[in-house]
Amino acid sequence: MGEVSASLDEEAQPLRARHALLKRLADVVSLPASRINAFERAVTGDLLVEMLRLAAPRERRRVAARLAPLSELPNSLARMLLRDEPEIAGLLIDQCASLTDADLVACARDAGPEHRFLMAGRRGLSEVVTETLFSFGEPACIEAVLRNSTARLSQTGLEGVVGMSRQGPGLCGPLLKRPELRPSSAYVMFWWCGAEDRRTIL
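Residues numbered from 1 in each chain as written. Predicted model: local features only at pLDDT ≥ 70, side-chain atom pairs only at ≥ 80, totals over all residues. Heavy atoms only, no water.

### Quick look at the packing of aromatic side chains
Alright, step 1. Summed over all chains, the structure comprises 1 aromatic pair.
Alright, step 2. Arranged with centres 5.3 Å apart and planes meeting at 85°, the rings of F190 and W191 form a pair that is edge-to-face.
Alright, step 3. The buried category is assigned to F190, whose relative accessible area is 18%.
Alright, step 4. What makes W191 exposed here is its relative accessible area of 66%.
Alright, step 5. The aromatic ring of F136 is capped on one face by R116, whose charged end is 3.8 Å from the ring centroid. (Phe/Tyr/Trp six-rings, centres within 6.5 Å; stacked < 30°, edge-to-face > 60°. Buried < 20%, exposed > 50% of the residue type's maximum accessible area, 1.4 Å probe, protein only. Lys NZ or Arg CZ within 6 Å of the ring centre and 35° of its normal.)

### Here's the deal with a nonpolar patch on the surface
Alright, step 1. Residues F39, V43 and L47 make up a contiguous nonpolar surface patch of roughly 310 Å² in combined accessible area.
Alright, step 2. Its place among the elements puts F39 in helix α2 (residues 38-53). (Patch = residues over 30% accessible without salt bridge, like charges linked within 9 Å, V, L, I, M, F, W, Y side chains within 5 Å. Areas by Shrake-Rupley, 256 points an atom, 1.4 Å probe, with all protein chains shown as cover. Salt bridge = Lys/Arg side-chain N within 4 Å of Asp/Glu carboxyl O. Helix = DSSP H or I, 4+ residues; strand = E, 2+ residues; numbered from the N terminus.)

### Thoughts on the packing of helix α7 (residues 113-120) against helix α9 (residues 139-147)
Alright, step 1. Interaxial distance between α7 and α9 falls to 8 Å at its minimum, and their mutual angle equals 10°. Taken as axis vectors, α7 and α9 run roughly parallel relative to one another. Every residue of α9 that contacts α7 at R116, F117 and A120 is listed here: A140, C141, A144 and V145.
Alright, step 2. Class assignment for the residues of the contact of α7 with α9 results in 6 nonpolar, no polar and 1 charged. (Axes fitted to C-alpha atoms, helices over the stretch in contact; angles between N-to-C directions. Parallel < 35°, antiparallel > 145°, perpendicular 65-115°, else oblique. Contact = heavy atoms within 4.5 Å. Nonpolar A, V, L, I, M, F, W, Y, C, P; charged D, E, K, R; others polar.)

### Digging into the packing of helix α3 (residues 57-67) against helix α5 (residues 86-95)
Alright, step 1. One way to put it is that α3 packs onto α5 with a least axis distance of 9 Å and a crossing angle of 5°. Comparing the axis directions of α3 and α5 gives the class roughly parallel. Contacts between α3 and α5 involve P57, R60, R61, A64 and A65 from the first element and E87, I88, L91 and L92 from the second.
Alright, step 2. Counted by class, the contact of α3 with α5 contains 6 nonpolar, no polar and 3 charged residues.

### Structural notes on the environment of C193
Alright, step 1. Inspection of the secondary structure assignment puts C193 in the loop between α12 (183-189) and α13 (195-201).
Alright, step 2. The exposure class of C193 is buried, given its relative accessible area of 6%.
Alright, step 3. Separated by 38 residues in the primary sequence, C193 and Q155 have C-alpha atoms spaced 20 Å apart.
Alright, step 4. If near-sequence neighbours (up to four positions away) are discounted, C193 is found in contact with C172, R198 and I201.

### A few points about the side chain of S30
Alright, step 1. Along the chain, the position of S30 falls in the loop between α1 (2-29) and α2.
Alright, step 2. Of the polar contacts made by the side chain of S30, one reaches the side chain of R66; its length is 3.3 Å.
Alright, step 3. Apart from residues lying up to four places away in sequence, S30 is in contact with R41, R66, L67 and L70. (Polar contact = N/O pair within 3.5 Å; in protein donor to acceptor, adjacent residues only side chain to side chain.)

### Regarding the pattern of salt bridges
Alright, step 1. According to the stated counting rule, one finds 12 salt bridges in the structure shown.
Alright, step 2. Between D110 and R83 there is a salt bridge, with its nearest N and O atoms 2.8 Å apart. Residue D110 is found in helix α6 (residues 101-110), and its partner R83 is found in the loop between α4 (75-82) and α5; the two are separated by 27 residues along the sequence.
Alright, step 3. The partner of E138 in a salt bridge is R116, with the nearest N and O atoms 2.6 Å apart.

### A word on the state of the cysteines
Alright, step 1. Under the defined criterion, the tally for this structure stands at 0 disulfides.
Alright, step 2. Of all cysteine sulfurs, the one in C141 lies closest to C107, which takes part in no disulfide; the gap is 11 Å.
Alright, step 3. By relative accessible area, C107 is classed as buried at 0%.
Alright, step 4. C172 provides the cysteine sulfur closest to C193, a residue in no disulfide bond, and the two sulfurs are 4.9 Å apart. (Disulfide = S-S within 2.5 Å.)

### Here we look at the nonpolar core
Alright, step 1. Formed by 59 residues in total, the largest nonpolar core has its most connected members in L48, L52, L67, L77, L92 and M119.
Alright, step 2. Dropping the residues within four chain positions of it, L67 is found in contact with A26, V29, S30, L48, L73, L77 and L81. (Core = buried A, V, L, I, M, F, W, Y, C linked by side-chain atoms within 4.5 Å.)

In C-alpha cells, the structure reads:
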C-alpha cells in the first residue's frame, strides 16, 4: 500500500511543479509596467504560450482568468487564448480591455460560432468588429449584436442585416430598436416583417 502511495505522489510531483511554473509565469506577465518592460513581458508571454500548449483545459482556464483583467497582454498569449475553447476564450472576450479590433476580428474569422456569439455581447464593439460578425450571417449572433446597446453599427453593416431580415424576420424587431436605422430601411422591411413591427414602422 505504501508503495502505491509513493508512486502516486511521484506522479503528482511533475503536475504540481508545472502548475507552480504556470502560476509564476502568469504572475510575471501580470506585473505592472513599472516592474517589467515590454520585451520581458513578451518573452515571458511566449514561454507561457509554450507551457499552455501542454496544459489541461482547467489550467488554461485558470491562467485566462488571471490574465483577463490586464491592461497589457502579450499578443502571442492573446491570440492563443482567444482561439481556445469557448469557456476559456470567453473570459478574455468578456473582460479583457486590452484586446484590439484586430484581435477581435482575427478571433471572429479563425474561431467558431460560439466564440462569435460570445463576442456579440462584448461592451463597446466597434463598427469594424460588428461588420465582421454580421458577415457570417449567423442569426443568433446578429441578434445578439443588435441587442447590444453599446455596440456601434456602420450603415453598411446595418443595411446588410436589413437584407438578411427578409429570410429571418426575427431580426426585424431588434433592428427597429437601433438608433442607427434609417426610415428608408425600415420601410423596406415593412413588406416582410410581422404585424407588430409594421405598426412600429408606421
